[in-house]
Amino acid sequence: MQAFLTYIPALHPNAMLAFGMLLLLGVTGGLIANRIHLMPTITAFMLLGLLTGPHGMGLITAEMMQDAHIIIDIALGLILYKLGNMLHPEAMLRSKRIMLTSVMESLLTFVAVTLTVKLIGSNWTVAALIGAIAISSSPAVLVHVAEEMHAKGAVTTLAKSLVAMNNLFSFVIFSAVLPFAMAPETSGISAAILVPAYRLFGAAAVGIFAAWCAVRIARIFREEDEHYRFVVVIGAVMVILGTCTMLGMSALFAPLVLGIATRWFETSKHNLSRVGFGEGGDLFFIALFVLAGAKIDISALLMAGIAPVLLVAVRSIAKTAGVFVASQFTTVDTRQAAAASLLIIPMAGMAIGLAATLNTLLPAIGAQVSALVFGMVAIFETIGPFAATRAFVMSGEAGQDKPAEAEQGENNPG
């Protein structure tokens, strides 16, 4: 008996256990939400994560969350890739509606949040970094709620383009401000400039090269090989994530560039940008949002005080004002502008990633930025799914992208 007991290994959580629990808990939350019709499934995923996470019952431990981070990285990478697919460089530059709206709401958000953080008591560098991060929007909330509600139309397309542009502008402006933050901490100005430039342009180069390779592979597909397109996309995303992590480049910016470059390089014969995630995509979405809920620390949020709430209000007003001002010079009507404003309000993945970058490069500044950014993310991730659901109903685009079999069932009842 003693020999048998010594054989039993010490109990340590692992990635498989963590991933399995994330999926089962997420599905449970989604089923409950669908039954009671009181909340979007994303909110249910996050609520289950909060209740069972390290700050709740502890069923999901901090170690398990760390083990599962690779799943989250892949999920965000795939989502950013799909958003990048929305932005063909030439078409984007020719689109007055997208460019004007994106520049207007991004600029207003950056200025408003930066000034607010400065007034709260931070220095200009910290304020500008938070302002740059605040430009970003959550692609995960938009994509998941759109698929769940089968939303399709002009507002959905506009919102996806704006979210992609938001994350692009956020990363570029963040990289431009970062040298000013790094200068006092480094031995020379050259290092302060070269590190952000390396992370930005290195990630862009990796994303572009991976897109070129993926399209080259797609060119040799025959008709019976089309089912491999999804594998090519997954492989390309994982390669750039691994390469950027290994070389110290941005693993957030590269997938967005991969999506843009793939759309640019491909022709109508390749269709890599049209690859859908299907039912398998739910794996990544569920794990992503359950883990997001598990990360929420209510006590830390309360300790942050009123500042995150104030910044949430300022950012929401700035983005809404930007969209409405731009709509006066485009074909976007008031109802569409209101719906698009709600869809770009959620903030999560890119914001968390940029704050984590600061924690790595500049721990002292990173701590100040993270305290406010994580508080904002917790609030936005809570209200975001409700805002997105309301937006799709308001726009009249919910239910416009129903699967073919669902439409056949409606047309042939009984």
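All of these numbers come straight from a predicted model, not from anything done at the bench.

Trainee: Where do I start with the packing of aromatic side chains in this structure?
Mentor: Each aromatic ring pair is summarised here by two numbers: the centre-to-centre distance and the angle between the ring planes. For the coordinates displayed, the defined rule picks out three aromatic pairs. Note on Phe171 and Phe253: the rings are 4.6 Å apart at their centroids and 5° apart in plane angle, and the pair reads as stacked. On the criterion of sequence distance, the pair formed by Phe171 in helix 10 (residues 154–182) and Phe253 in helix 13 (residues 253–265) is long-range, its members being 82 residues apart. Accessibility classification places Phe171 together with Phe253 in one group, the buried group. Here Arg315 stacks its cationic end above the ring of Phe380, 4.6 Å away from the centre of that ring.

Trainee: Even after reading the chapter, I still don't get unusual backbone geometry, so can you show me in this structure?
Mentor: Among all residues except glycine, the phi angle is most often negative; among peptide bonds, the trans geometry is most common. With a phi angle near 50°, His150 is a residue other than glycine that sits in the positive phi range. Within the secondary structure layout, His150 lies in the loop between helix 9 (139–148) and helix 10.

Trainee: What is the right way to look at the side chain of Ser138 in this model?
Mentor: Along the chain, Ser138 turns up in the loop between helix 8 (124–135) and helix 9. Among the residues examined, Ser138 registers a relative accessible area of 2% and is labelled buried. Engagement of the side chain of Ser138 in a polar contact is seen with the backbone nitrogen of Val141, the distance being 3.4 Å. The contact partners of Ser138, leaving out residues within four places of it in the chain, are Val163, Pro346, Met347, Ala348 and Glu381.

Trainee: What am I meant to see in the pattern of salt bridges here?
Mentor: For side chains of opposite charge, pairing can occur when their charged atoms come near one another. Per the counting criterion, the structure on display carries one salt bridge. Taking the shortest distance from any N to any O, the salt bridge between Glu105 and Lys319 comes out at 2.7 Å. On the criterion of sequence distance, the pair formed by Glu105 in helix 7 (residues 96–120) and Lys319 in helix 16 (residues 307–327) is long-range, its members being 214 residues apart. Taking relative accessible area as the criterion, Glu105 reaches 0% and is therefore assigned buried.

About the thresholds
- Residues numbered from 1 in each chain as written.
- Predicted model: local features only at pLDDT ≥ 70, side-chain atom pairs only at ≥ 80, totals over all residues.
- Heavy atoms only, no water.
- Phe/Tyr/Trp six-rings, centres within 6.5 Å; stacked < 30°, edge-to-face > 60°.
- Helix = DSSP H or I, 4+ residues; strand = E, 2+ residues; numbered from the N terminus.
- Buried < 20%, exposed > 50% of the residue type's maximum accessible area, 1.4 Å probe, protein only.
- Lys NZ or Arg CZ within 6 Å of the ring centre and 35° of its normal.
- Polar contact = N/O pair within 3.5 Å; in protein donor to acceptor, adjacent residues only side chain to side chain.
- Contact = heavy atoms within 4.5 Å.
- Salt bridge = Lys/Arg side-chain N within 4 Å of Asp/Glu carboxyl O.

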